[in-house]
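Examination of the molecular architecture
This is what each chain is made of:
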Amino acid sequence: MITGIDPFDHASFVVAHDETNAFEAVVPPIVQTSLFTFETYDEMVATYRGEKTRPVYSRGLNPTVRHFEDMLAKLEGGEDALAFGSGMAAISSTVITFIEPGDRIVAVKHLYPDAFRLFGTLLKRMKVDVTYVDGTDLEAVEKAMPGAKLFYMESPTSWIMEPHDVAALSVIAKKHGAVSVIDNSWASPIFQRPLSLGVDLVLHSASKYLGGHSDVVAGVVTGSKDLIDRIRGEALPYLGGKMSPFDAWLLIRGLRTLPIRMKAHEAAGLDIARRLQARPEVEKVNHPGLANQLPPGLSGTSGLFSFVFREGVDIRAFADKLQLFKLGVSWGGHESLIVPGQVVLQQKAQPNSAHAFGMHPRSVRLHVGLEGTEALWRDLEEAIDAARQP
Ligand SMILES: *Cc1c(COP(=O)(O)O)cnc(C)c1O
């Protein structure tokens with residue numbers, strides 16, 4: 001199923017020797033500059049005419065950012081990539097490039113909440129309609145697709161962690177001429193390479209596993225040269241959500257350990273998920289790795305999943321008793337985190353996808369970090385024991 005490079009082949013992460021790299025440094029320098037000067041008038045004219053490609057201004061092209069874009073494109077098997085100042089900038093710039101007022105988007109349910117808000121506010125004002133479908137129901141997707149310009153996917157979906165047959169879904173989108181887009185932040189290219197499954201564009205919140213250290217907010221999109229050229233030409237320079245050189249440098253460093261971090265998150269996440277499933281206080285664990293088999297195209301699982309407590313557990317006491325698991329949004333770094341569903345249901349920002357998609361009020365989302373499974377399990381067990389109501 002996976003074509004191109006072996007994502008577990010660490011040689012893929014070695015930065016290529018490049019004589020323009022200062023002092024042949026093993027780590028590429030951060031080209032921390034806003035503008036680039038021209039030696040001559042003629043060189044400037046040739047660049048403006050598009051006869052020569054070279055950096056002019058870092059909102060368009062910056063060598064450090066380009067380096068990260070090249071690495072990510074190679075990992076996902078894309079022809080080109082574009083990096084943004086956040087995952088949401090990647091999502092908004094990508095979606096806006098391919099739709100016009102009056103167009104319709106089909107999206108799977110349980111979307112990332114801020115993507116849901118973008119669709120339900122700004123895009124709605126631009127007269128773009130979004131039809132939400134159950135991504136596990138291919139017939140329903142087929143029925144919703146005629147006339148849609150764009151098909152927006154996540155697999156597995158946010159919070160509910162419902163995995164889909166991405167290849168089958170992209171066949172339906174293609175048949176109806178819709179551009180297919182997937183948010184691959186959860187699996188990362190280590191466990192899912194959607195371009196090889198027929199998806200047109202793959203985007204990431206690079207703030208999560210790609211960066212891997214909770215020290216950068218960034219995004220990226222990859223795909224064919226034609227589609228990426230459209231985003232580069234129509235949205236990126238004018239919406240202006242470009243990644244900074246320093247963030248690109250942090251991401252280049254993060255990518256070098258991505259395969260081993262993902263394997264560690266997978267092992268610890270599965271172990272914790274199985275132990276939670278065995279606890280009498282737990283009603284249900286939403287983790288794609290607990291099913292008999294993973295859906296086609298998904299070769300592994302990461303450290304983010306959710307579970308539902310039965311009645312009789314005080315979730316507030318559980319959250320406050322935890323020591324290693326911190327209360328916090330985001331995920332993908334070293335640290336373990338929880339978000340209680342009860343909190344998300346009270347979120348002021350609207351529209352609230354937690355209500356729209358029926359989030360269970362006794363659900364909790366976990367990110368299993370790299371602190372060590374035994375210590376993490378002890379932390380969870382102590383908190384569950386302390387939160388049991390008589
Ligand atoms: C965090 C996240 C985003 C948004 O990315 P930012 O970098 O925070 O803008 C998009 N999709 C998913 C699945 C996410 O978890």
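Residues numbered from 1 in each chain as written. Predicted model: local features only at pLDDT ≥ 70, side-chain atom pairs only at ≥ 80, totals over all residues. Heavy atoms only, no water.

Brief notes about the UniProt feature "modified residue: N6-(pyridoxal phosphate)lysine" (unreviewed entry) in the protein chain
The positions that UniProt labels "modified residue: N6-(pyridoxal phosphate)lysine" (unreviewed entry) are, in the present scheme, Lys 208. Positionally, Lys 208 belongs in the loop between β6 (201–205) and β7 (219–223). (UniProt positions renumbered as here; feature names shortened; annotations may be inferred. Helix = DSSP H or I, 4+ residues; strand = E, 2+ residues; numbered from the N terminus.)

Focus: the site of the ligand
Neighbouring the ligand are Ser 86, Gly 87, Met 88, Ile 91, Tyr 112, Asp 183, Ser 205, Ser 207, Lys 208, Val 217, Ala 218 and Trp 331. Contacts to the ligand include Gly 87, whose backbone N or O atom sits 2.8 Å from an oxygen atom. Ser 205 places a polar side-chain atom, nitrogen or oxygen, 2.9 Å from an oxygen atom of the ligand. Protein coverage of the free-state accessible area of the ligand, which is 380 Å², stands at 88%. Of the pockets mapped on this structure, the ligand occupies the largest pocket. Top element by residues in the shell around the ligand is helix α3 (residues 87–97). It accounts for three residues. (Near = heavy atom within 4 Å. Polar contact = N/O pair within 3.5 Å; in protein donor to acceptor, adjacent residues only side chain to side chain. Areas by Shrake-Rupley, 256 points an atom, 1.4 Å probe, with all protein chains shown as cover. 1 Å grid on protein atoms, 1.4 Å probe; cavity = no way out; pocket = protein on both sides within 12 Å on 5 of 7 lines; lining within 4 Å. Sits in = over half its atoms within 2 Å of the grid points.)

A few points about the packing of aromatic side chains
The final tally for this structure, using the stated rule, is nine aromatic pairs. Residues Tyr 132 and Phe 357 carry aromatic rings whose centres are separated by 5.5 Å and whose planes lie at 70 degrees to one another, so their mutual orientation is edge-to-face. With a gap of 225 residues between them, Tyr 132 in strand β3 (residues 129–133) and Phe 357 in the loop between α15 (353–356) and β12 (363–367) connect regions that are remote in the sequence. Judged by relative accessible area, which is 26%, Tyr 132 ranks as partly exposed. Of the residues examined, Phe 357 reaches a relative accessible area of 16% and is grouped as buried. Here the aromatic rings of Phe 246 and Trp 249 are separated by 6.0 Å at their centres, their planes lie at 15 degrees, and the arrangement is stacked. With Phe 246 and Trp 249 both in helix α11 (residues 245–256), this residue pair falls three residues apart, about one helical turn. Members of the aromatic cluster, joined through ring pairs, are Phe 116, Tyr 132 and Phe 357. (Phe/Tyr/Trp six-rings, centres within 6.5 Å; stacked < 30°, edge-to-face > 60°. Buried < 20%, exposed > 50% of the residue type's maximum accessible area, 1.4 Å probe, protein only.)

Points about the domain arrangement of the protein chain
One widely used convention gives an interface's size as the accessible area the parts lose upon coming together. Segmentation of the protein chain into domains returns domain 1 (14–256) and domain 2 (259–387). On a C-alpha basis, the centres of domain 1 and domain 2 stand 27 Å from each other. The interface is formed by 35 residues belonging to domain 1 together with 43 residues belonging to domain 2. When the two sides are added together, the surface that domain 1 and domain 2 hide from each other amounts to roughly 3,200 Å², 66% of it contributed by carbon and sulfur. Looking only at domain 1, the three residues that lose the most surface to domain 2 are Trp 159, Phe 191 and Tyr 209, adding up to 31% of its buried area. Summed over the shared surface of domain 1 and domain 2, the result is zero salt bridges. Here domain 1 and domain 2 share 14 residue pairs in polar contact (both at pLDDT 80 or more) between them. Where the side of domain 1 that touches domain 2 is concerned, the elements lending two or more residues are α4 (113–120), α8 (188–191) and α11. Per element, the largest residue contribution to the side of domain 1 that touches domain 2 is four residues, and it comes from α4. The residue inventory of the side of domain 1 that touches domain 2, partitioned by class, reads 17 nonpolar, 13 polar and five charged. (Domains from an automatic or database assignment. Contact = heavy atoms within 4.5 Å. Buried area = accessible area lost by both parts, 1.4 Å probe. Salt bridge = Lys/Arg side-chain N within 4 Å of Asp/Glu carboxyl O. Nonpolar A, V, L, I, M, F, W, Y, C, P; charged D, E, K, R; others polar.)

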